[in-house]
Amino acid sequence: HKLTNEEKRNFLFFLTGSPKLPIGGFKSLNPRITIVQKDTPGPPDDYLPSVMTCVNNIKLPAYSSAEITLTRLRTAISEGLAAFHLS
């Protein structure tokens, strides 16, 4: 499963609040991207990932498959972009 270039750009914006990487690319991103497990009160597949843009953290529930992960990530990115445009 791969993201399109537009989805990658949108993911970066969703995660960091910026549509572009700093000069030097990912290695120059500060703070570095961190993936943490998101605790959920119900089945993980029912929840979307969330982010903390100020520290470049993405919180992922323990999804049951890569397909569910990609689907939930795409939904979160789409909804997150709409929220950024509203603020």
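It should be emphasised that the depicted structure is a prediction, and the values quoted were computed from it without experimental measurement.

Asker: A description of the overall build of the chain should follow, citing residues and the corresponding values.
Answerer: A count of helices and strands for the chain gives two helices and three strands. Put simply, the chain runs from its N terminus to its C terminus through helices and strands in the order α-β-β-β-α. For 87 residues, the compact-globule estimate of 2.2 N^0.38 gives 12 Å, and the chain sits close to it at 13 Å. By its C-alpha atoms, the chain is 40 × 30 × 20 Å across when sized along the principal axes. Counting only residues that meet the buried cut, the chain has 23% of its 87 residues in that class. Considering only residue pairs separated by 6 or more positions, the chain has 48% of its internal contacts joining residues 24 or more positions apart. On the chain, roughly 5800 Å² of surface is accessible, and the fraction owed to carbon and sulfur atoms is 56%.

Asker: Can you tell me about the pattern of salt bridges, naming the residues and giving the values?
Answerer: Under the criterion given, the structure shown has one salt bridge. Arg74 is the partner of Glu7 in a salt bridge, and the nearest nitrogen-oxygen pair spans 2.7 Å. Remark: Arg74 occurs in helix 2 (residues 66–86) and Glu7 occurs in helix 1 (residues 5–16); sequence separation between them is 67 residues. In this structure Glu7 comes out as partly exposed when scored by relative accessible area, which is 21%. On the basis of relative accessibility, which here comes to 34%, the residue Arg74 falls in the partly exposed class.

Asker: Got a sec to walk through the side chain of Asn57? Specific residues and values, please.
Answerer: Inspection of the secondary structure puts Asn57 in strand 3 (residues 57–60). A residue is classified by how much of its surface remains accessible, and Asn57, at 16% relative accessible area, is buried. If near-sequence neighbours (up to four positions away) are discounted, Asn57 is found in contact with Leu15, Thr34, Ser50, Val51 and Met52.

Asker: An account of the sheet that holds strand 3 is requested, with residue identities and associated values reported.
Answerer: Strands sit in the order 1-3-2 across an open sheet of three strands; the sheet is mixed. Pairing within the sheet leaves two strands with one partner each, and these edge strands are strand 1 (34–37) and strand 2 (50–52). Averaged over all neighbouring strand pairs, the angle between strand axes comes to 25°, with direction disregarded. Examined bridge by bridge, strand 1 and strand 3 share four bridges and lie parallel to one another.

Asker: Go over the pairing of strand 3 with me, naming the residues and quoting the values.
Answerer: As paired strands, strand 2 and strand 3 are joined by three bridges and run antiparallel to one another. The residue of strand 3 that forms the bridge with Ser50 is Lys59. Counted along the chain from strand 2 to the antiparallel partner strand 3, the turn is four residues long, and its residue Asn56 has a positive phi close to 55°.

Scoring rules and cut-offs
Each chain has its residues counted from 1, running along the sequence as written. It should be noted that, the model being predicted, local features are given only for residues of pLDDT at least 70 and side-chain atom pairs only at 80 or more, the latter also being counted only at that level, while totals for whole chains, interfaces and linings use all residues. Calculation of side-chain values draws on the structure's entire complement of heavy atoms; hydrogens and water are dropped beforehand. Under the scheme used here, helices are H or I runs from DSSP no shorter than 4 residues and strands are E runs no shorter than 2 residues, and both carry numbers assigned from the N terminus. Computation of the radius of gyration draws on C-alpha atoms alone. For the globule rule, the value is 2.2 Å times the number of residues to the power 0.38. Exposure is judged per residue with a 1.4 Å probe applied to protein chains only, and the accessible area is read against the type maximum: over 50% gives exposed, under 20% gives buried, and values in between give partly exposed. In what follows, residue pairs with any heavy atoms lying within 4.5 Å of each other are defined as contacts. Only the protein chains shown count as cover for residues, and the accessible areas themselves come from Shrake-Rupley with a 1.4 Å probe. By definition, a salt bridge exists where a carboxyl oxygen of Asp or Glu is found within 4 Å of a side-chain nitrogen of Lys or Arg. Two strands qualify as a pair provided DSSP detects at least 2 bridges between them. Every angle, taken between N-to-C directions, lies between 0 and 180 degrees, and every axis is a line fitted to C-alpha atoms, over only the stretch in contact when it is a helix.

The values are spatial; any link to function lies outside them.
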